[in-house]
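Residue-level structural notes
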Amino acid sequence: MRMYDIIVKKRDGKELTKAEIEFFVEGYTKGDIPDYQASALTMAIYFQGMTPEETAILTQAMVDSGETIDLSGIHGHIVDKHSTGGVGDKVTFIVGPLVASVGIPVAKMSGRGLGHTGGTLDKLEAIRDLRIEMSKKEFIENVNTHKLAVAGQTGNLAPADKKLYALRDVTGTVDSLPLIAGSIMSKKLASGADSIVLDVKTGSGAFMKTLEDSENLAREMVNIGQNLGRNTVAVISDMNQPLGFEVGNANEIKEAAEILQGKNVEDLRTLSLEIASHMALLAEVFDSYEEAYEALEANIENGKAFEYFRNFVQAQGGDVSVIDDLTKLPQAQYDIEVKAEKDGFVSAIDAESIGIAAMYLGAGRATKDDEINHGVGITLNKKIGDEVKAGEALVVLHSDDAEALDSVQKVLDAYTISTEKVEKPTLIHNIIK
Ligand code: URA
């Protein structure tokens, strides 16, 4: 088999065979196929696309290029969730204990963040002493005992994807739906869950800015999951403004804990219940969506979900007194109000700019070696549709710098205030099964 023929075949819009795709992935991972031929093929895929079968074969080949996590020691049907990434997205911290509280095991391998705010692990480390490094044995024992564990990704998962993603990044071939879908799903599938709920974000703060692109990506990922024997559902949710009111690390943990204690932050609570209900349905614990939703909601109201969160923190060495008294979470030195310059209604909030403003404060990393400052962040006082008077605070910056001028400017640029009242954006756009 020759790489040259595979490139020409895809260039001409023909379907590649399993053997050809595997030849490429194996050869490229081992270093037998050079970057220039891999770039030519990814560019051909960019223009010609892939069939669902080709995409599934590509994904499986990327999974097989490295280790996979064996979760067979866990009792029960394991459901994972994955978000394509958004600002203020702390849904995992709510959904994990919530789903665990109805008896479904949640075994979550997560990463750190590069960008606006920390990743799941960085946010969790805002809880004093909480450990995210643990042996595989301890991870599995924790899931079996507490139904929930979150650990740092170990092992060499989907190395083919790592290499290909880096290549796509510098050759203008990131924005190909089959390549994105295969990339995300290869890492999910290597992490071992039986079923997967995808939270595909759409809007100004999302990877996919239009609903059509987000739905297409969701469809690609659901197809891959189904083709490779994992039940997969995608929820398309809005990211035209940050989710909830808090953006940062410690303050996001605080907001998640408050939801588990029954506080109603409308968008965050609704989306969390939606995702948790689909996870519970996939685990076949309930007969209907309505039954799942009701049981999960009841476990927020009766304190069970919060109890699972507390037990999870304790099991991973975290200081539970911080969870019992959320004011003990790390806090920044200064609170700086960013005030509206005119009367009107909030008509848009550029989520990405809010994320960048939080990063400037130290809540995220600009380079992979940066340290996260867990106490800094942003509290939004106004969201889309809210009325605002000149001089009223749009947000409060929690900062260790008394002025934080860059962040103040970024927040002012992020808000659009108009004279006409606008409706709140739709939160859940579609469910793709
Ligand atoms: N995230 C990934 O993991 N892969 C892509 O290709 C794009 C976003």
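Up top is the structure.
Below you will find a few notes about this structure. All figures in this text were calculated on a predicted structure; none of them were measured in a lab. (Residues numbered from 1 in each chain as written. Predicted model: local features only at pLDDT ≥ 70, side-chain atom pairs only at ≥ 80, totals over all residues. Heavy atoms only, no water.)

Digging into the overall build of the protein chain
Along the backbone of the protein chain there are 17 helices and 13 strands. Rg of the C-alpha trace for the protein chain: 22 Å, near the compact-globule value of 22 Å for 433 residues, within the 12% margin. Seen along its three principal axes, the alpha-carbon backbone of the protein chain occupies a region of about 70 × 50 × 40 Å. Out of the 433 residues belonging to the protein chain, those deemed buried represent 56%. With the model as given, the accessible surface of the protein chain reaches about 17700 Å², and the carbon-plus-sulfur share is 47%. In the protein chain, which carries 43 positive and 68 negative side-chain charges, the distance between the mean positions of the two groups comes to 3 Å. (Helix = DSSP H or I, 4+ residues; strand = E, 2+ residues; numbered from the N terminus. Rg over C-alpha atoms; globule rule 2.2 N^0.38 Å. Buried < 20%, exposed > 50% of the residue type's maximum accessible area, 1.4 Å probe, protein only. Areas by Shrake-Rupley, 256 points an atom, 1.4 Å probe, with all protein chains shown as cover. Lys, Arg positive; Asp, Glu negative; His and termini not counted. Charge placed at Lys NZ, Arg CZ, Asp CG, Glu CD.)

Overview of the sheet that holds strand β12 (residues 415-418)
One open sheet accounts for 3 strands, arranged β10-β8-β12; its pairing is antiparallel. Strands at the two margins of the open sheet, each flanked by one partner only, are β10 (387-388) and β12. Of the pairings in the sheet, the one linking strand β8 (residues 344-349) to β12 comprises 4 bridges and is antiparallel in character. Across the sheet, residue alanine 348 finds its bridge partner in β12, namely threonine 416. Docked against the sheet, helix α17 (residues 405-414) engages β8 and β12, running at close to 45 degrees with respect to β12. (Pairing = 2+ DSSP bridges. Contact = heavy atoms within 4.5 Å. Axes fitted to C-alpha atoms, helices over the stretch in contact; angles between N-to-C directions.)

Some words on the pairing of strand β2 (residues 106-110)
Where burial is concerned, most of β2 is hidden: 5 out of the 5 residues are buried. In β2, alternate side chains face the same way, and those of Val106, Lys108 and Ser110 on one face and Ala107 and Met109 on the other are all buried. For β2 and strand β3 (residues 148-152), the ladder comprises 5 bridges, and the chain directions are parallel. Pairing of methionine 109 across the sheet is with alanine 151, part of β3.

Looking at the layout of surface pockets
Considered as a void within the structure, the second largest pocket measures approximately 350 Å³ in volume. Every residue lining the second largest pocket is counted, 17 residues in all, and those nearest its centre are Gln241, Glu266, Asp267, Lys383 and Lys424. Ranked by residue count, the leading element in the lining of the second largest pocket is helix α12 (residues 266-282), at 3 residues. Of the residues belonging to the lining of the second largest pocket, the class tally is 7 nonpolar, 4 polar and 6 charged. (1 Å grid on protein atoms, 1.4 Å probe; cavity = no way out; pocket = protein on both sides within 12 Å on 5 of 7 lines; lining within 4 Å. Points joined across faces, edges and corners; volume = space filled by probe spheres on them. Nonpolar A, V, L, I, M, F, W, Y, C, P; charged D, E, K, R; others polar.)

Some details on the pattern of salt bridges
Overall, the coordinates contain 26 salt bridges when judged by the stated rule. Residue glutamate 255 is joined to lysine 90 by a salt bridge in which the shortest nitrogen-to-oxygen separation is 2.6 Å. Residue glutamate 255 is located in helix α11 (residues 250-260), and its partner lysine 90 is located in the loop between β1 (79-83) and α5 (91-100); the two are separated by 165 residues in the primary sequence. Of the two residues, glutamate 255 and lysine 90, both sit in the buried class. Its salt-bridge partner being lysine 254, residue glutamate 258 comes within 3.4 Å of it at the nearest N-O pair. Remark: lysine 254 and glutamate 258 occur in helix α11; sequence separation between them is 4 residues, near one turn of the helix. What emerges from the salt-bridge pattern is a single network uniting Asp80, Lys108 and Lys188. (Salt bridge = Lys/Arg side-chain N within 4 Å of Asp/Glu carboxyl O.)

A look at the sheet that holds β1
Pairing between sheet strands relies on hydrogen bonds along the backbone, with the strands arranged either parallel or antiparallel. Spatially, 4 strands are ordered β1-β4-β5-β13 in an open sheet, and the strand pairing comes out mixed. In this open sheet, the two edge strands, each paired with only one partner strand, are β1 and β13 (428-432). Between one strand and the next, the sheet's axes are offset by a mean angle of 15 degrees, whatever the strand orientation. Judged from the 5 bridges that link them, β1 and strand β4 (residues 195-202) form a sheet pairing that is parallel.

So, the packing of helix α3 (residues 35-48) against helix α8 (residues 159-169)
Taken N-terminus to C-terminus, the directions of α3 and α8 make an angle of 75 degrees; their axes are 10 Å apart at the nearest point. By the angle class used here, α3 and α8 are roughly perpendicular. Residues Asp35, Ala38, Ser39 and Thr42 of α3 form the contact with α8, whose participating residues are Leu164, Leu167 and Arg168. Tallied by class, residues from the contact of α3 with α8 come to 3 nonpolar, 2 polar and 2 charged. (Parallel < 35°, antiparallel > 145°, perpendicular 65-115°, else oblique.)

Quick look at the site of the ligand
Neighbouring the ligand are the residues Tyr165, Arg168, Ile180, Ser183, Ile184, Lys187 and Phe207. In the model, a nitrogen atom of the ligand is placed 2.6 Å from a nitrogen or oxygen of the serine 183 side chain. Between the ligand and lysine 187 there is a distance of 2.5 Å, counted from an oxygen atom to a side-chain nitrogen or oxygen. Bound to the protein, the ligand loses 85% of the 240 Å² it would expose on its own. The element contributing the most residues to the shell around the ligand is helix α9 (residues 177-190), with 4 residues. Its residues assigned to classes, the shell around the ligand shows 4 nonpolar, 1 polar and 2 charged. (Near = heavy atom within 4 Å. Polar contact = N/O pair within 3.5 Å; in protein donor to acceptor, adjacent residues only side chain to side chain.)

Examining the environment of asparagine 223
Following the sequence through the fold, asparagine 223 ends up in helix α10 (residues 211-227). Residue asparagine 223 is classed as partly exposed on the basis of its relative accessible area, which comes to 36%. The spacing of asparagine 223 and alanine 181 is 42 residues in sequence and 9.5 Å in space, taken between C-alpha atoms.

Notes on the packing of helix α2 (residues 18-30) against α8
Two elements in contact, α2 and α8, have axes separated by 9 Å at closest approach and are oriented at 80 degrees. The orientation of α2 relative to α8 falls into the category roughly perpendicular. Contact residues: Phe24, Val25, Tyr28 and Thr29 in α2; Pro159, Ala160, Lys163, Leu164 and Leu167 in α8. Residues that form the contact of α2 with α8 fall into these classes: 7 nonpolar, 1 polar and 1 charged.

These values are about where atoms sit, not about what they do.
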